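Spelled out, the chains give:
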Amino acid sequence: MMKQWQVAKRILPLLAVFSLLLSACGREDLSVMKPQGPVAQGQYDLMKLSITIMIVVLIIVFAIAAYVLIRFRRRAGQNEVPEQVEGNFKLEVIWTAIPLLLVIVLAVPTVKTIFAQGEDLSNDKNAVQVKVTSHQYWWEFTYPQYDVTTAQDLIIPTGKKIAFELKTADVLHSFWVPSLAGKMDTNPDGTLNKFSFSAPNEGVYRGKCAELCGRSHAFMEFKVKAVSQESFDKWVNEMKAPAVLPEDTQLAEKFKTNCLSCHAVGDQGGPVAPNLTGIGGKQSVAGILLNQGEGQEDGNPVLDNMKEWLHDPQSVKPGNTMPNPKDLGLTDEEIDGIAEYLANYKLDYE
Amino acid sequence: MDWITTVDHKKIAVLYLIAGGFFFGIGGIEAILIRIQLMKPMNNFVSAQVFNELITMHGTTMIFLGVMPIIFAVMNAVVPLQIGARDVAFPFVNALGFWTFLFGGLLLNLSWLMGGAPDAGWTSYTPLSGSEYSGTHGVDFYTIGLQIAGLGTLIGGINFLATIITMRAPGMSYMRMPMFTWTTFITSAIILFAFPAITVGLVLLTFDRILGANFFDVAGGGNPVLWQHIFWIFGHPEVYILILPAFGIISEVIPTFARKRLFGYSSMVFATILIAFLGFMVWAHHMFTTGLGTVANALFSISTMLIAVPTGIKIFNWLFTMWGGQIRFTAANLFAVGFVPTFVMGGVTGVMLASAPADFQFHDTYFVVAHFHYVIVGGLVLGLFSGLHYWWPKMFGRVLSETLGKWTFWTFMIGFQLTFFVQHFLGLMGMQRRIVTYLPNQDFDLLNLVSSVGAFLMGVGVILFLVNIVITTRKPADAPNDPWEDGRTLEWSIPSPPPEYNFKQTPLVRGIDAYWKEKMAGHTEMTPAEPVGSIHMPSATPLPFVMSVGIFIAGLGLMFSKDDFGNAFMNGLFNNYIVVIIGLLITFGAMALRSLYDDHGWHIEPEDQDEKGVRT
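Starting from 1, residues in each chain are numbered consecutively following that chain's sequence as written. Written order decides the labels, with chains lettered from A and ligands numbered from 1. Per-residue local features of the predicted model are confined to residues with pLDDT of at least 70, and side-chain atom pairs are confined, for both listing and counting, to 80 or more; whole-chain, interface and lining totals are unaffected and use all residues. Note that water and hydrogens are dropped before the side-chain values are worked out from all heavy atoms of the structure.

## Looking at the overall build of chain B
Helix and strand content of chain B: 20 helices and two strands. In terms of principal-axis extent, the alpha carbons of chain B reach across some 70 × 60 × 50 Å. Whether two residues touch is decided by their heavy atoms; if any such pair falls within 4.5 Å, the residues are in contact. Counting contacts in chain B only where the partners sit at least 6 residues apart, residues at least 24 apart contribute 82% of the total. Put simply, DSSP marks the helices as runs of H or I at least four residues long and the strands as runs of E at least two long, and each gets a number from the N terminus on.

Pasting the structure below:
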């Protein structure tokens, strides 16, 4: 009875590994194990190879361990001294050679993938160039080919290679869209990183900041939205259209003086804070308050999110640099008015 | 007073154990708080700021102030005995190493009480750890506290090198040294080469933060990636500083309880040296996503994978040590046996992480958190538990309760697997590390709960160990020389606990596992290599303590040298570096005293040499 239990104890974790692997858990828009593009797929293939090798190693080691522990327990009355074995040259050579062989099996495709995925596309005319700038705690995306800048939602055309150039405006962050590609750090000027991925299927993918960057590191999320080439072109045009300001002229004035000193809408405002053009149609407010919409089963109405954010930005993202609108002298009604305006500011491109 | 002035390696071992245990407890409480916060999505048990302080202090405390000192405790307690020496090479310096570690650790933890703990992660990447983005004194406590504590480690490492090179008993050639002594030797060599790197790094960061230098500031011509290189050139060997002693412990415990000599001794030695060498060649695998370029990534991928080879040799040698033996499952051996598969788990995920393109996905996620906890907790902490249960009777003359020891093992082991196994999957499912909370419905919820429950169970295991210590301490100290009956190395040939001078007569070593060899030849004790004679002992002295207090004061003074206290007297004291100067004067004064006053020590004459140990 005891023996069987010992065996089961060794095998159970293995079975757990297999079953969990087979179920390939996680969300399609987030999980590394459900890759949605060729780059992530390549990385996933490498993982599968290494996991397979490693599980074989584990099975062998666990099996020997289980056998030894059961077979060579000290039994009652066993008093003769076991033979003092020095070692065994042949065996030792075998377990030096086998790991070496396994390492080679893994090293070859690893090096291949490193060089394949390290391709520099920054001069490729067919690729969409995107400059990513990370800030505490938001993401800025600039499309130099189209002269468009946006924030938090990265809109990309499906099937096209997207060539990224990454940099940070303050501390180190790391740009990560698990289901599309591995992460890459955003360094300050002088050590800019480049990499690329593409998304064959339309959809919204969750992106994260993977490098500890301060208090709101956990809340520095973003979305990658892959749309058809047609929609993408429409989106670019919409982004370049003149700004839409609040209809109420008084509110528009307040918005201009208080918000547009840092933020931009359309052709107006500044580049210090996230670009607000079409913000009502984005996947989230401030990256972390999910808006209701397709694929966001847990989202709130965008207006509620906008109000939550504007009434107390610090409680949503501690340590962010946006001043509390109340401290700027805006009344609750005015804040609600701006929230409503922003929530309704949507671009029509899908 | 006796404890403050002692220079005896056995008492210093106890001091290290108590202080290391204390910090280990603090680090453990921090871990539990982290797991409470992450138990459910969008939890607000602690604020984001406090969470960052908790993760930073948990990592820093556990690595530098928890497990390292406990390793040093075991080394101090065991190595001189294993090589047949009466103490370490420099007993005074040994005491100094302990006190600088303790005061560095206290300084670091004072940050909780003095306006904010460090909050930039235990790796303290710049610019986040620069004064611009980390405005409190937190990171100053990190740089200066670790600097002082690191001094102690470096001193200790050099001392062990000198001890092992010069003080082995007659007949103990290098290839007859016990495995734990070997790993201590190699570990000390790694310390000697790795700690200067972190020392330099911490000095540079201190200069940036306190004196306004620009080493890591891009605007001033610095480069934040430089910090990462310096940190990991130290940081990766540090992993081997931690794990090699555990390898050594396992290599002692498994042969004893299998009643067989270690399989493939020379390949074990060779593997240890190779691991140490490769440990310095792979630091950049922590930085694949930093953007080193394809060539660097490829080279560091391969060099990292190569570490699997010597490690594999070790694992199979342990398994074949037990093959054909008579295995006894004492608490110490349970931990050692549990170590093997757990460490293999940590090892294989290490190879997976070495594949750079795959690492782009693993890096900075819970997969990495799972991996290094499998190595450090599943490897080192299990190893330490094993070693403590094994050598406790030698250190204190009392055998720990076996029943409680087994309970400790099962609760800790099951808790550990629950906590960290699921974290592999959390990482693969897209959960990045160091996040204060996460949104619901990302499939993170259940696994995080499981992980937290496991952490509580590990806490129960540690508490059971403490209970075991308390209960055991109240029993009489009546352990025999060789309580496990199958002790193989020299420490089991002398009383438990050993007398002040360890060996009345230096033993003659005739082969590997010297004591076992004598026992097999029908002897009950070692053949002496010298006649009974007067034994020279070093004098006790409070100077190491005083020196460390001086450094501590100087550190505090430097940290607050730019502050405005709103009080002319305090401002005058700190802003003019007067406190720094006072602290340094105390230290240098004690050093001068030590140099000028010629202390010849004292002797224990043959008629005063009692057989049994005199301390608890």
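What follows picks up the thread again.
## Some details on the overall build of chain A
Along its length, chain A carries eight helices and 14 strands. Taking 350 residues into account, the globule formula puts the C-alpha radius of gyration at 20 Å, and chain A, at 27 Å, lies well above it. Principal-axis analysis of the C-alpha atoms places the extent of chain A at approximately 100 × 45 × 35 Å. Burial statistics for chain A: of 350 residues in total, 54% are counted as buried. Between the two quantities, the radius of gyration covers C-alpha atoms and the globule rule is 2.2 Å times the number of residues to the power 0.38. To sort residues, take the accessible area from a 1.4 Å probe on protein chains only and compare it with the maximum for the residue type: under 20% means buried, over 50% means exposed, and anything in between is partly exposed.

## Description of the sheet that holds strand β2 (residues 138-143) of chain A
The pairing of strands in a sheet comes from backbone hydrogen bonds and takes either a parallel or an antiparallel form. Residues and elements named next belong to chain A. At least two bridges found by DSSP between two strands are what make those strands a pair. Taken together, the five strands give an open sheet; going across it, the order is β3-β2-β1-β5-β8, and neighbouring strands pair in mixed fashion. Each edge of the sheet is formed by a strand with only one pairing partner; in this case those strands are β3 (148-151) and β8 (193-197). Adjacent strand axes in the sheet meet at a mean angle of 25°, parallel and antiparallel pairs treated alike. Bridge count for strand β1 (residues 128-135) against β2 is five bridges, and the pairing is antiparallel. With axes taken as lines fitted to C-alpha atoms, and helix axes fitted only over the stretch in contact, angles between N-to-C directions fall between 0 and 180 degrees.

## Focus: empty space enclosed by the protein
All names here are of chain B. We place a 1 Å grid over just the protein atoms. Points where a 1.4 Å probe fits but has no way out form a cavity, open points with protein on both sides within 12 Å along at least 5 of 7 lines form a pocket, and any residue with an atom within 4 Å of a point lines it. Grid points are joined across faces, edges and corners, and a volume is the space filled by probe spheres set on the points. Tallied over the full model, the rule gives seven cavities of 30 Å³ or more. Reported here for the second largest cavity is a volume of approximately 140 Å³. As for the second largest cavity, its lining consists of 16 residues, of which M179, S251, E252, L262 and D513 are closest to the centre. The element best represented in the lining of the second largest cavity is helix α7 (residues 224-258), accounting for four residues. Polar here means any residue outside two lists: the nonpolar Ala, Val, Leu, Ile, Met, Phe, Trp, Tyr, Cys and Pro, and the charged Asp, Glu, Lys and Arg; Gly therefore counts as polar. Taken together, the residues that form the lining of the second largest cavity break down as eight nonpolar, three polar and five charged.

## Here's the deal with the nonpolar core
In terms of nonpolar packing, the biggest core is built from 294 residues, with Y143(A), F164(A), F175(A), F197(A), W235(A), W318(B) and L319(B) touching the most fellow members. No other element matches the 21 residues that helix α3 (residues 48-82) of chain B contributes to this core. Remark: nonpolar core denotes a set of buried residues (Ala, Val, Leu, Ile, Met, Phe, Trp, Tyr, Cys) joined through side-chain atoms within 4.5 Å. Counting six residues, the second largest nonpolar core, distinct from the first, contains F92(B), L543(B), M547(B) and A590(B).

## Structural notes on the sheet that holds strand β10 (residues 222-227) of chain A
Residue and element names in this part refer to chain A. Pairing within the open sheet is mixed, and its five strands lie in the order β4-β10-β9-β6-β7. Each edge of the open sheet is held by one strand with a lone partner, namely β4 (153-157) and β7 (181-186). Taken pair by pair, the neighbouring strands of this sheet meet at an average axis angle of 25°, ignoring direction. The pairing of strand β6 (residues 173-177) with strand β9 (residues 203-209) spans two bridges and is antiparallel. Bridging across to β9, W176 finds its partner in K208. Helix-sheet contacts for helix α4 (residues 229-240) involve β4 and β10, and the interaxial angle to β4 is about 130°.

## Brief notes about the environment of P274(A)
Residue and element names in this part refer to chain A. By the secondary structure assignment, P274 is in the loop between β12 (268-269) and β13 (284-285). Residue classification places P274 among the buried positions, given a relative accessible area of 18%. With 122 residues separating them along the chain, P274 and Q152 place their C-alpha atoms 7.8 Å apart. In contact with P274, not counting residues within four places along its chain, are W138, A151, H263 and A264.

## Some points on the packing of helix α6 (residues 179-210) of chain B against α7(B)
All names here are of chain B. α7 packs onto α6 with a crossing angle of 160° between their chain directions and a minimal axis gap of 8 Å. Comparing their axes, α7 and α6 come out roughly antiparallel. As for the relative orientation of α6 and α7, their crossing is left-handed in sense. Working rule for angles: under 35 degrees goes down as roughly parallel, over 145 as roughly antiparallel, 65 to 115 as roughly perpendicular, anything else as oblique. Left-handed is the label given to a crossing in which the near helix is rotated counterclockwise from the far helix by less than a right angle, and right-handed is the label when the rotation is clockwise.

## A look at the packing of aromatic side chains
To describe a pair of aromatic rings, you give the distance between the ring centres and the angle between the ring planes. Residues and elements named next belong to chain B. Pairing of aromatic side chains here covers Phe, Tyr and the six-membered ring of Trp, requires ring centres within 6.5 Å, and sorts the geometry by plane angle: under 30 degrees stacked, over 60 edge-to-face, intermediate tilted. Overall, the coordinates contain 77 aromatic pairs over all chains when judged by the stated rule. Their ring planes at 75° and their centres at 5.9 Å tell us that F23 and F101 sit as a pair that is edge-to-face. Of this pair, F23 sits in helix α2 (residues 9-37) while F101 sits in helix α4 (residues 91-110), and the two are 78 residues apart along the sequence. The buried category is assigned to F23, whose relative accessible area is 0%. Of the residues examined, F101 reaches a relative accessible area of 3% and is grouped as buried. Taken together, the ring pairs connect Y16, F22, F23, F72, F98, W99, F101, F103, F160, F545 and F552 into an aromatic cluster. Looking at K11, its charged tip hangs above the ring of W3, at a distance of 5.3 Å from the centre. Above the face of the Y174 ring, R168 is positioned so that its terminal group lies 3.9 Å from the ring centre. Should the NZ of a Lys or the CZ of an Arg lie within 6 Å of a ring centre and within 35 degrees of the ring normal, that charge is described as sitting over the ring.

## Topic: helix α18 (residues 543-559) of chain B
Residues and elements named next belong to chain B. In a helix, the anticipated span is given by 1.5 Å times the number of residues less one. Compared with an ideal rise of 1.5 Å per residue, which puts 17 residues at 24 Å, α18 spans 24 Å between its outermost C-alpha atoms and is within 8% of the ideal. Burial analysis of α18 places 12 of its 17 residues in the buried class, which makes it a mostly covered element. Here α18 has its buried residues at L543, P544, M547, S548, G550, I551, F552, A554, G555, L556, G557 and M559. For α18, the secondary structure elements touched by its buried residues are α4, α5 (138-166), α6, α19 (568-575) and α20 (578-596).

## As for the pairing of β1(A)
Residues and elements named next belong to chain A. A large share of β1 lies buried, amounting to seven of its eight residues. Where β1 meets strand β5 (residues 162-168), seven bridges bridge the pair, whose relative direction is parallel. Across the sheet, the residue bridging to Q129 is A163, located in β5. Two successive antiparallel strands, β1 and β2, enclose a turn made up of two residues.

## Some remarks on a nonpolar patch on the surface
Residues and elements named next belong to chain B. Only residues whose relative accessible area exceeds 30% and that take part in no salt bridge are eligible for patches, with like-charged residues grouped when within 9 Å of each other and nonpolar side chains (Val, Leu, Ile, Met, Phe, Trp, Tyr) grouped when within 5 Å. For accessible areas, the Shrake-Rupley method is used with a probe of radius 1.4 Å. Any residue's cover is judged against the shown protein chains and nothing else. Salt bridge, as used here, is a side-chain nitrogen of Lys or Arg placed within 4 Å of a carboxyl oxygen of Asp or Glu. Judged by side-chain polarity, W410, I414, L418, L446, L449 and V453 come together as a nonpolar surface patch covering roughly 510 Å² of accessible area. Contributing elements (two or more residues each) for the nonpolar patch: α15 (402-428) and α16 (445-473). With relative accessibility at 32%, the residue L418 sits in the partly exposed group.

## Some remarks on the packing of α5(B) against α6(B)
Residues and elements named next belong to chain B. Interaxial distance between α5 and α6 falls to 8 Å at its minimum, and their mutual angle equals 155°. Judged by the angle between their axes, α5 and α6 are roughly antiparallel. In this structure, α5 crosses over α6, and the sense of that crossing is left-handed. Grouping the amino acids of the contact of α5 with α6 by side-chain chemistry returns 20 nonpolar, 10 polar and two charged.

## Some details on the state of the cysteines
All names here are of chain A. Here, a disulfide means two cysteine sulfur atoms that sit within 2.5 Å of each other. All told, the structure shown has zero disulfides over all chains when counted by the stated rule. Here C262 is not cross-linked by a disulfide; its sulfur's nearest cysteine counterpart is in C259, at 9.0 Å. For C262, a relative accessible area of 31% translates into the label partly exposed.

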